[in-house]
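# Coordinates in review
Listed below are the residues making up each chain.
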Amino acid sequence: MKHLKTLLINPYIYDFSAYSYWSTPLGLLYIGSILRKNGIEISLIDCLKVDENKRKEDGRAPFLKEKVDKPQSLKDIRKRLKRYGISKKALTEELSLLDQPDMILITSIMTYWYSGVKEVLDITRDVFPDKKIVIGGIYPSLCYEHALKEMSKADCIVKNNEIDNFYSFVERELPASLPYKPDPYDFDALPYPCFDLYDYIPFVPLLTSYGCIYKCTYCATPYMHPNMVRRKPESTADEIRFWHDHGVNRFVIYDDSFLSKMDRFAKPLLKYIIELPFSVKIYNPNALNAAMVDEELAFLLLKAGFKDIRIGLETVNPLLQKSTGGKVSLKTFENALNCLTGAGFSADKISIYILAGLPFQKWEDVITAIDYIADFGVRVHIAEYTPIPHTPMFDEFKSFARFPIADNPVYQNNALFPFVWQGFTDENMSFVKRYAKGKNGNIDKIG
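A brief structural summary. (Residues numbered from 1 in each chain as written. Predicted model: local features only at pLDDT ≥ 70, side-chain atom pairs only at ≥ 80, totals over all residues. Heavy atoms only, no water.)

## Details of the overall build of the chain
- If you tally the helices and strands in the chain, you get 15 helices and 17 strands.
- Projecting the C-alpha coordinates of the chain onto the three principal axes gives extents of approximately 65 × 55 × 40 Å.
- For the chain, the proportion of its 447 residues judged to be buried stands at 54%.
- Residue pairs at least 24 apart in sequence account for 74% of intrachain contacts in the chain once pairs closer than 6 positions are excluded.
- For the chain, the accessible area works out to roughly 20300 Å², and carbon and sulfur atoms hold 50% of it.
- In the chain, which carries 56 positive and 56 negative side-chain charges, the distance between the mean positions of the two groups comes to 3 Å. (Helix = DSSP H or I, 4+ residues; strand = E, 2+ residues; numbered from the N terminus. Buried < 20%, exposed > 50% of the residue type's maximum accessible area, 1.4 Å probe, protein only. Contact = heavy atoms within 4.5 Å. Areas by Shrake-Rupley, 256 points an atom, 1.4 Å probe, with all protein chains shown as cover. Lys, Arg positive; Asp, Glu negative; His and termini not counted. Charge placed at Lys NZ, Arg CZ, Asp CG, Glu CD.)

## Details of the packing of aromatic side chains
- All told, the structure shown has 26 aromatic pairs when counted by the stated rule.
- Ring centres 5.9 Å apart and planes at 80 degrees place the aromatic pair Y112 and W113 in the edge-to-face group.
- Here Y112 falls in the buried class, since its relative accessible area comes to 6%.
- Ring geometry for F333 against F376: centres 6.0 Å apart, planes inclined by 85 degrees, an arrangement best described as edge-to-face. Highlighted residues: F333 in helix α12 (residues 330-343) and F376 in the loop between α13 (363-374) and β17 (379-384), separated in sequence by 43 residues.
- Classification of F333 as buried rests on a relative accessible area of 0%.
- Under the relative-accessibility criterion, F376 is labelled partly exposed at 33%.
- Positioned over the ring face of Y12 is R83, at 5.8 Å from the centre of the ring. (Phe/Tyr/Trp six-rings, centres within 6.5 Å; stacked < 30°, edge-to-face > 60°. Lys NZ or Arg CZ within 6 Å of the ring centre and 35° of its normal.)

## Points about the nonpolar core
- If you look at the biggest cluster of nonpolar residues, it comprises 92 residues, and the most contacted ones within it are F166 and I311.
- For this core, the element with the most residues is helix α1 (residues 26-37), which contributes seven residues.
- Setting aside anything within four residues of it in sequence, one finds I311 in contact with A287, L288, A290, F333, A336, L337, L340, I350, S351, I352 and Y353.
- Formed by 49 residues, the second largest nonpolar core is a distinct cluster that contains L142, Y218, V410 and L416. (Core = buried A, V, L, I, M, F, W, Y, C linked by side-chain atoms within 4.5 Å.)

## Quick look at the sheet that holds strand β6 (residues 103-106)
- Taken together, the five strands give an open sheet; going across it, the order is β3-β1-β6-β7-β8, and neighbouring strands pair in parallel fashion. Strands at the two margins of the open sheet, each flanked by one partner only, are β3 (41-46) and β8 (156-157).
- Looking at chain direction, strand β7 (residues 132-135) and β8 are connected through two bridges and run parallel. Residue pairing for β8: I135 is matched across the bridge by I157. (Pairing = 2+ DSSP bridges.)

## A word on the pattern of salt bridges
- The tally for this structure, following the rule as stated, stands at 23 salt bridges.
- Taken together, the salt bridges that share partners define one network made up of D263, K267, K271, D294 and E296. (Salt bridge = Lys/Arg side-chain N within 4 Å of Asp/Glu carboxyl O.)

## As for empty space enclosed by the protein
- Applying the stated rule across the entire model yields four cavities of 30 Å³ or more.
- What the largest cavity holds in volume is close to 60 Å³.
- For the largest cavity, the full set of lining residues is C216, Y218, L313, E314, T315, Q321, T324, G325, G326, K327 and V328.
- Of all the elements in the fold, those that place two or more residues in the lining of the largest cavity are β15 (306-314) and α11 (318-324). (1 Å grid on protein atoms, 1.4 Å probe; cavity = no way out; pocket = protein on both sides within 12 Å on 5 of 7 lines; lining within 4 Å. Points joined across faces, edges and corners; volume = space filled by probe spheres on them.)

## Thoughts on the packing of helix α10 (residues 295-304) against α12
- Between α10 and α12, the least distance of the axes is 8 Å, while the angle of their chain directions is 45 degrees. When the axes of α10 and α12 are compared, the pair comes out oblique. Two packed elements cross with a definite hand, and for α10 against α12 that hand is right-handed. Facing E295, A298, F299, L301 and L302 of α10, the residues of α12 in contact are C339, L340 and A343.
- Classifying every residue of the contact of α10 with α12 gives seven nonpolar, no polar and one charged. (Axes fitted to C-alpha atoms, helices over the stretch in contact; angles between N-to-C directions. Parallel < 35°, antiparallel > 145°, perpendicular 65-115°, else oblique. Left-handed = near helix turned anticlockwise from the far one by under 90°. Nonpolar A, V, L, I, M, F, W, Y, C, P; charged D, E, K, R; others polar.)

## Some words on a positive patch on the surface
- Judged by side-chain charge, K54, K65, K67 and R80 come together as a positively charged surface patch.
- Mapping K54 onto the fold places it in the loop between β3 and β4 (65-67).
- Residue classification places K54 among the exposed residues on the basis of a relative accessible area of 55%. (Patch = residues over 30% accessible without salt bridge, like charges linked within 9 Å, V, L, I, M, F, W, Y side chains within 5 Å.)

## Focus on the sheet that holds β4
- Strand order across the open sheet formed by three strands is β2-β5-β4, with antiparallel pairing between neighbours. Pairing within the sheet leaves two strands with one partner each, and these edge strands are β2 (13-15) and β4. The average undirected angle you get between the axes of adjacent strands in this sheet is 25 degrees.
- Relative to strand β5 (residues 82-84), β2 runs antiparallel, the two being bridged by three bridges. Directly across from D15, in β5, lies its bridge partner K82.

## A closer look at the layout of surface pockets
- Quantified by volume, the second largest pocket comes out at close to 530 Å³.
- Together, 23 residues line the second largest pocket, and D46, K49, E52, Y198 and Y200 are the ones closest to its centre.
- Among the elements that make up the lining of the second largest pocket, the one with the highest residue count is β3 (three residues).
- In terms of residue class, the lining of the second largest pocket is made up of 13 nonpolar, four polar and six charged.

Bear in mind that shape data such as this cannot, by itself, settle questions of function.
Structure below.
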């Protein structure tokens, strides 16, 4: 039987601003490990390379970047467009040095980054005109019809919940025998993602669940993963041991509902981590739900190695809190802060997410939230609203956006502030961000 080879590609991106906040193509690396367990040789080109000389102690780093010309669709935008990651020439050179793969898998993340995916697809098709190319990831999962049109040079386009279609494609088109075809939701059956394909592993994301118990109107998780599926705490602890044996001591938890049923999952996991014969550093960029933080949890988070705690408040407007999901109130938020600082987290190590740029949101509401948060001595992080297809907020307000966000995903970029209006202008947004930066600067001086 022919020895089959598959190339994994994480494409570069085009955006006005981007930074590697512990970014990895986790889904692609899981798929790579599954194929490898079926005897298929795997290689990787990660186009989203960072400047290693500027990597921070916590593992974050700036992407390599280069200014580029804007496409016609963005000509009127008064911001500098950049390509983040390696150049087109560098990608072509890397592809030309490879042995001929039988299949190429190209992933995608943000919907509005699809132009980079398309460009990488076109380049790859030019270098390997007769090889099978598959496009997957978040973009085709949320914008499938658009992907069918724009990614016409691909042989297969896969949504996140269509793994069986992918397996069938591989068995039929390579052809290949895949005796090992795990369900991605079966955590016990999944191999660890193939981070070993990197020369250096600065951190590893830990997948502890799929789905979310909440139905926030701005979030696509309920569409992407309708059911909540949890991983056994001991399984996650085992993965930490594995990667620590390979020199990794930074870990990232992106899960949307990490604290759901925490007495069965989060707390036991944290206790397992505390009992490990080594220490680790853990980061939670997706934020914890303040309503679920109690004294015991706060103590466990500190002892387990959480270095910066991020909490989602979204807004201090009670009506907006209720209409967007109602998962947190000012009372539960303040209780969470008291628990965290009481456990030993210094205030400057706690960051609070506030949403800005929601449809018909008033800029003064954001300022009020910033002031409220700053009074506690904690940092505020402005999360500019990103309109995401298949979310209630997108469906309700898409016709009010200043760009055709439903027709072209490039306009779903939060950097474009799609829902500008007289109560929240571009100038207001610039002021809000400066104001938050100033408040955070005052905290830095105190710290």
